[in-house]
Amino acid sequence: MDSIKIRGGQELKGSVPISGAKNSALKLMVATILSDEPLILGRMPDLADTRFLTTLLQHFGAEVSRDGDTMRLHTQRIENAEAPYDLVRKMRASFNVLGPLLARNGEARVSLPGGCAIGARPVDLHLKALEALGAEIELTEGYVEAKAPKGLQGGQVTFPFVSVGATEHAMLAAVLARGETTLENAAREPEIVDLADCLNAMGAKVSGAGSATITIQGVGSLSGAAHAVVPDRIETGTYALAAATAGGDVLLKDAVWKHNEALWDRLEKAGAAVAKEDGGVRVRAKRGRLAATDIETRPYPGFPTDEQAQFMAAMTVADGRSVIRETIFENRFMHAPELMRMGAKIDLRGNEAIVTGVETLRGAQVMATDLRASVSLVIAGLVAAGETTIGRVYHLDRGFEGLEAKLAACGADIERVKD
Ligand code: EPZ
């Protein structure tokens, strides 16, 4: 298994090109199931997760090819409407194929995804939304068997709490349902807006994306389209935190300022300078240590759970005590014990981590546990004295395109060690 080696202590200076958002790209790729015409996706990140989803879509009958950062997907016919456990368990986002398969094909059989390292992550809201659209759903032997023999019909869905995946899943099914669908208490993440824009380019009628109420007028069929994936706000936030922690001055090229306002607010409070510039966002580290700053994760536009681990890494070397509260997932502090192996002082109390900043971390051998946890260890490694080796980097490869190259180009001493 590959590992990443970092010799800490270098400031980051230069620019980082921000890739297309993984969490948007995955849902946009799924949209190919809804049309028999080609879907062309630009700014498509090349990640383990996008490659994996390619395999799943090919299993349904899609033709998928890539040229640079442009992906072409074409699903002329659905040849197979079953997503087996082996394909779904590796990546939860693959569960989102259920609604589109059902909408296009009238029936589908998709494995339930199961839990994952950051929490139980049930799919009850996804299933309730599909039922509100007229799907008949049965759970047998770990599979969801869904039927809509006369097609899906528009319905009213009120989510009891905000779910990104369930909102997207409902959108992906409702675009081909007969009549009007209303989604209340919908997620407002930029990825939702990106999905609505892509579906509308395909001829769907989705309005209100980005607000808590989304209205969808179903259409009989969708056409092909070309759409560019939104820049990755989580990758943006990660490199912003890397620069603010390791020191230096970095331009995050193509980053969208308004997609990370909660982070900019916290970073400024901690003493870093962040500025919107033509072509991106610039982050300049503070001289000396960041000031300890609290965060609480919330659905967008609140502070993203996908940036919590990276923020915690920054706070391990801040001046003072910060409280980090995680409210989205029940088990998302697995990076804390690894950070402690590097000398961080963290007291875990339920969904709160109390971080008392230390002057220096020390390099160590650490283990990645999930995607965002592993990149928090990279940030810690960049500022730690000595050498840090991060194992299980396949977690990083799921969601960060060219991580070592992007950091090395800004002066980091980082390399991948192949096994
Ligand atoms: C998406 O997951 C992202 N994944 C996650 O990013 C991200 O952390 C999360 O949204 C929150 O922003 C993708 O887009 C592929 P949710 P999703 O449904 O859609 C509970 C990463 O590192 N819930 O908004 O699965 C759920 O357990 C990943 O890139 C139910 O109870 O998140 C969680 O506590 C990790 N029942 C909360 O809702 C349901 O049916 C919010 O989850 C659905 C969700």
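Presented here is a report on the structure given in the accompanying data block.

This part is about the overall build of the protein chain. Summing up its helical and strand segments, the protein chain has 14 helices and 24 strands in all. Expressed as a percentage of the 419 residues in the protein chain, the buried residues total 57%. In the protein chain, of all internal contacts separated by at least 6 residues, the share reaching a separation of at least 24 is 73%. Entry remark: accessible area of the protein chain is about 16000 Å², with carbon and sulfur atoms responsible for 46%.

Here we take up helix α12 (residues 371–383). For an α-helix, 3.6 residues make a turn, and residues three or four places apart therefore share a direction. Buried residues dominate α12, accounting for 12 of its 13 residues. What α12 keeps buried is the set L371, R372, A373, S374, V375, S376, L377, V378, I379, A380, G381 and L382. Where α12 begins, one side-chain oxygen reaches toward the backbone nitrogen of R372, 3.0 Å away; that side chain belongs to D370.

Looking now at the site of the ligand. Close contacts around the ligand come from 23 residues, with D124, S163, G165, D306 and I328 the closest. Within the contact set of the ligand, a nitrogen atom lies 2.7 Å away from a side-chain nitrogen or oxygen of D124. Here an oxygen atom of the ligand and a backbone polar atom of G165 are 2.7 Å apart. Taken by itself the ligand offers 830 Å² of open surface, and the protein chains cover 87% of this. For the shell around the ligand, the secondary structure elements donating two or more residues are α1 (22–30), α5 (124–132), α6 (164–174) and α12. Classifying every residue of the shell around the ligand gives 11 nonpolar, five polar and seven charged. In this structure, the shell around the ligand is formed jointly by two domains, domain 1 (3–19 + 231–417) and domain 2 (22–228), each of which donates at least three residues.

Moving on, we get to the sheet that holds strand β15 (residues 248–253). With mixed pairing, four strands are arranged side by side in an open sheet as β2-β15-β17-β16. Every interior strand has two partners, whereas the edge strands, β2 (12–17) and β16 (273–277), have only one. Across this sheet, the average inter-strand angle for adjacent strands is 15°, counted without regard to direction. Here six bridges tie β2 to β15, and the two strands are oriented parallel to one another. Note that in β15 the partner of L12 across the bridge is G248. The strands that helix α9 (residues 261–270) touches are β15, β16 and β17 (280–284); relative to β16, the one it contacts most, it runs at about 140°.

As a further point, take the packing of aromatic side chains. Pairs of aromatic rings are described using the distance from one ring centre to the other and the angle between the two planes. Inspection of the entire model under this criterion finds two aromatic pairs. Measuring from ring centre to ring centre gives 5.5 Å for W257 and W264, while their planes differ by 25°; the resulting arrangement is stacked. On the basis of relative accessible area, W264 is assigned to the buried category, the value being 2%. Taking NZ or CZ as reference, R109 lies 3.9 Å from the ring centre of Y143, over its face.

The contact between helix α8 (residues 233–246) and α9 brings their axes to 11 Å, and the two run at 10°. Regarding the angle of α8 to α9, the classification is roughly parallel. Counted together, T236, G237, A240, L241 and A244 of α8 and L263, W264 and L267 of α9 form the full contact between these two elements.

In this section: the side chain of D232. Following the sequence through the fold, D232 ends up in the loop between β14 (225–228) and α8. The side chain of D232 sits in the buried core without any salt bridge; R372 is the nearest counter-charge, 5.4 Å away. Within the structure, the side chain of D232 is placed 2.8 Å from the backbone nitrogen of I234, a separation counted as a polar contact. Look past the residues within four positions of D232 in its chain and what remains in contact with it is I18, S19, G20, A21 and K22.

Buried within α5 are the following residues: L125, H126, L127, A129 and L130. As for α5, its buried residues are in contact with α4 (98–105), β8 (136–140), β9 (143–147), β10 (156–158) and α6.

Attention now goes to the pattern of salt bridges. In the structure shown here, the tally under the stated rule is 27 salt bridges. Across the pair E82 and R109 runs a salt bridge, and its minimum N-O distance is 3.1 Å. Pair noted here: E82 is in strand β6 (residues 82–83) and R109 is in strand β7 (residues 107–111), with a separation of 27 residues, a long-range link. When its relative accessible area of 29% is taken as the criterion, E82 is described as partly exposed. Salt bridges sharing common partners tie together D2, D397, E404, R416 and K418.

In this section: the pairing of strand β11 (residues 180–184). In the case of a regular strand, side chains alternate between the two sheet surfaces. Of the pairings in the sheet, the one linking β10 to β11 comprises three bridges and is parallel in character. Bridging from a neighbouring strand, T158 pairs with E184 of β11. You can see the chain leave β10, run along α6 and come back into β11, and the turn it takes is right-handed. For β11 and strand β13 (residues 213–217), the ladder comprises five bridges, and the chain directions are antiparallel. Of the residues in β13, the one forming a bridge with L183 is I214.

Definitions and cut-offs
- Residues numbered from 1 in each chain as written.
- Predicted model: local features only at pLDDT ≥ 70, side-chain atom pairs only at ≥ 80, totals over all residues.
- Heavy atoms only, no water.
- Helix = DSSP H or I, 4+ residues; strand = E, 2+ residues; numbered from the N terminus.
- Buried < 20%, exposed > 50% of the residue type's maximum accessible area, 1.4 Å probe, protein only.
- Contact = heavy atoms within 4.5 Å.
- Areas by Shrake-Rupley, 256 points an atom, 1.4 Å probe, with all protein chains shown as cover.
- Polar contact = N/O pair within 3.5 Å; in protein donor to acceptor, adjacent residues only side chain to side chain.
- Near = heavy atom within 4 Å.
- Nonpolar A, V, L, I, M, F, W, Y, C, P; charged D, E, K, R; others polar.
- Domains from an automatic or database assignment.
- Pairing = 2+ DSSP bridges.
- Axes fitted to C-alpha atoms, helices over the stretch in contact; angles between N-to-C directions.
- Phe/Tyr/Trp six-rings, centres within 6.5 Å; stacked < 30°, edge-to-face > 60°.
- Lys NZ or Arg CZ within 6 Å of the ring centre and 35° of its normal.
- Parallel < 35°, antiparallel > 145°, perpendicular 65-115°, else oblique.
- Lys, Arg positive; Asp, Glu negative; His and termini not counted.
- Salt bridge = Lys/Arg side-chain N within 4 Å of Asp/Glu carboxyl O.
- Right-handed = clockwise from strand over helix to strand, strands pointing away.

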